[in-house]
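This is what each chain is made of:
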Amino acid sequence: MINRRALGRTIGAGAMGTAVASLAGWFSSSPASATSLGSEASTAGRAKGRTSFEALKRVRAGELDVGYAEVGPAKGPVVVLLHGWPYDIHSYVDVAPLLAAEGYRVIVPYLRGYGTTTFRSSKTFRNGQQAVVALDIIALMDALRIEKALLGGFDWGARTADIIAALWPGRCKALVSVTGYLITNREKNKQPLPPAAELAWWYQYYFATERGELGLAQYGHDFAKLIWRNVSPTWQFDDATFDRTAKAFENPDYVSIVIHNYRWRLGLAAGDPRYDGIETKLAAGPAIGVPTITLDGELDPFTPAGDGSAYRAKFTGPYDHRALAGIGHNLPQEAPEAFAQAVLDADRL
């Protein structure tokens, strides 16, 4: 999940929170106000766990054939929304129609190793390092002839969006980043955290072992459900909602990409030397100058101080920060209206 630099609360601390009522809604007919999505969207009456994207598309992009959902007018301003682990494109199944109703063309891709995104060659290194995931999204934008887009993400998706905003700001019109600045510095990741903070990252150490890799392969479904419950303690998702996403973990490269991603972050696996120059730039902690809104979920065990002060200095352009009471790690799926509103507002900063 997120960079180990965050001195988050432990998983158990989430029990203190109370969920915000009526944050999840399915918006399908009446357009929401351009200034506020909350009141109208929250009464739309979504059938929990049964909504989905109507159809998926595929496009050749760099090393991959990328599977993605697309919602909204073809000529609208583009929003690219990026998921994390262990999640998939359905983290945005309620966000996308809200933005489409406002005239945006919304692209939601499966990251490498998930869902219908596949490698074009069996010989390609199954690499999960941060630079290559960002380059996948640049390649996707190129393939779809998208010069510039609003980028939004959480978990792996936030890190990926942060990297593009930092190194290729000409491709990013504005940014919505859950948990703020997540660009990884592997040298800093070697430093221990206080024990309570380390507890939340138990799975990273598990994945560092052969036993952990075998465990993810054998118990991937149960593993992901456990993570969902631990990091979103008040989100009452049903089996249909989870199972819809769990299909994305059947990708033949899922285990390889997940394991490499976490081992690479801890310095236990090498990346691709072709991207050493990019990783050197990222290790320096480049500032992000595009208009940005950062979001924190109060009950996310990886969330730093709720006022965003832990990473505020990294954002040098127009900026706003919002903390969401009663919300855990999968913020766009737990609070779709708040996430969609942040995208709209970031576009106006």
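Residues numbered from 1 in each chain as written. Predicted model: local features only at pLDDT ≥ 70, side-chain atom pairs only at ≥ 80, totals over all residues. Heavy atoms only, no water.

**Student:** Which parts of the structure should I look at to understand the pairing of strand β4 (residues 105–109)?
**Tutor:** In summary, the side chains of a regular strand alternate between the two faces of the sheet. For β4, the tally of buried residues reaches five of five residues, placing the bulk of the element in the interior. Sheet analysis places strand β3 (residues 78–82) next to β4, joined by three bridges and oriented parallel. Pairing of V80 across the sheet is with I107, part of β4. Chirality of the crossover, the property in question, places the unit of β3, helix α2 (residues 95–100) and β4 among those that are right-handed. (Buried < 20%, exposed > 50% of the residue type's maximum accessible area, 1.4 Å probe, protein only. Helix = DSSP H or I, 4+ residues; strand = E, 2+ residues; numbered from the N terminus. Pairing = 2+ DSSP bridges. Right-handed = clockwise from strand over helix to strand, strands pointing away.)

**Student:** What's the story with the pairing of strand β6 (residues 149–153) in this structure? I'm lost.
**Tutor:** With five of five residues buried, β6 lies mostly within the body of the structure. Judged by which residues are buried, β6 turns out to be covered on both faces: A149, L151 and G153 on one side and L150 and G152 on the other are all buried. Looking at chain direction, β3 and β6 are connected through four bridges and run parallel. Of the residues in β6, the one forming a bridge with L82 is G153. Pairing of β6 with strand β7 (residues 172–178) involves five bridges; the strand directions are parallel. Within β7, the position partnered with A149 by the bridge is C172. Assessed by its sense of winding, the connection that carries the chain from β6 through helix α4 (residues 156–167) to β7 is right-handed.

**Student:** Just to check I follow, could you spell out the pattern of salt bridges for this structure?
**Tutor:** Proximity of charged atoms lets side chains of opposite charge pair with each other. Scanning all chains against the criterion turns up 16 salt bridges. D253 is the salt-bridge partner of R126, the closest N and O atoms lying 3.0 Å from each other. One end of the pair, R126, is in the loop between β5 (118–119) and α3 (130–143); the other, D253, is in the loop between α9 (239–246) and α10 (254–265), and 127 residues separate them in sequence. By relative accessible area, D253 is classed as buried at 12%. For the salt bridge of E213 with R263, the shortest nitrogen-to-oxygen distance reads 3.5 Å. Of this pair, E213 sits in helix α8 (residues 210–231) while R263 sits in helix α10, and the two are 50 residues apart along the sequence. By sharing partners, the salt bridges in this structure join E63, R112, D136, D272 and R274 into a single network. (Salt bridge = Lys/Arg side-chain N within 4 Å of Asp/Glu carboxyl O.)

**Student:** Is there a simple way to think about the nonpolar core in this case?
**Tutor:** If you look at soluble globular proteins, the nonpolar side chains tend to sit buried side by side. By size, the foremost hydrophobic cluster in this structure holds 102 residues, and its most contacted members are W85, L99 and F339. For this core, the element with the most residues is α3, which contributes nine residues. Each residue touching L99, except ones within four places of it in the same chain, is listed here: V79, L81, Y104, V106, A340, V343 and L344. (Core = buried A, V, L, I, M, F, W, Y, C linked by side-chain atoms within 4.5 Å. Contact = heavy atoms within 4.5 Å.)

**Student:** I keep staring at empty space enclosed by the protein and nothing clicks. Help me out?
**Tutor:** Once rolled over the atoms, a probe with the size of a water molecule shows which space is left empty. Applying the stated criterion across every chain yields a total of five cavities of 30 Å³ or more. In this model, the largest cavity occupies a volume close to 70 Å³. Every element with two or more residues in the lining of the largest cavity is listed here: α3, α4 and α10. Among the elements that make up the lining of the largest cavity, the one with the highest residue count is α4 (four residues). Within the lining of the largest cavity, the residues separate by chemical class into four nonpolar, five polar and two charged. (1 Å grid on protein atoms, 1.4 Å probe; cavity = no way out; pocket = protein on both sides within 12 Å on 5 of 7 lines; lining within 4 Å. Points joined across faces, edges and corners; volume = space filled by probe spheres on them. Nonpolar A, V, L, I, M, F, W, Y, C, P; charged D, E, K, R; others polar.)

**Student:** Teacher, can you tell me more about α9 here?
**Tutor:** The periodicity of an α-helix, 3.6 residues per turn, causes residues three or four positions apart to be oriented the same way. For α9, every residue scored as buried is listed here: T241, F242, R244, T245 and A246. Here the buried face of α9 lies against α8 and α12 (331–334).

**Student:** Honestly, the packing of aromatic side chains in this entry has me stumped. Any pointers?
**Tutor:** The description of an aromatic ring pair rests on the distance of the ring centres and on the angle between the ring planes. Under the definition given, this model contains 31 aromatic pairs. Consider the rings of W85 and Y203, whose centres lie 5.4 Å apart with planes at 40°: the pair is tilted. Residue W85 is located in the loop between β3 and α2, and its partner Y203 is located in helix α7 (residues 202–207); the two are separated by 118 residues in the primary sequence. Since its relative accessible area comes to 0%, W85 is described here as buried. Using a relative accessible area of 1% as the deciding quantity, one classes Y203 as buried. Look at W228 and F237: their rings are 5.0 Å apart centre to centre, the planes differ by 80°, and that puts the pair in the edge-to-face class. Note on accessibility: W228 and F237 belong to one class, buried. (Phe/Tyr/Trp six-rings, centres within 6.5 Å; stacked < 30°, edge-to-face > 60°.)

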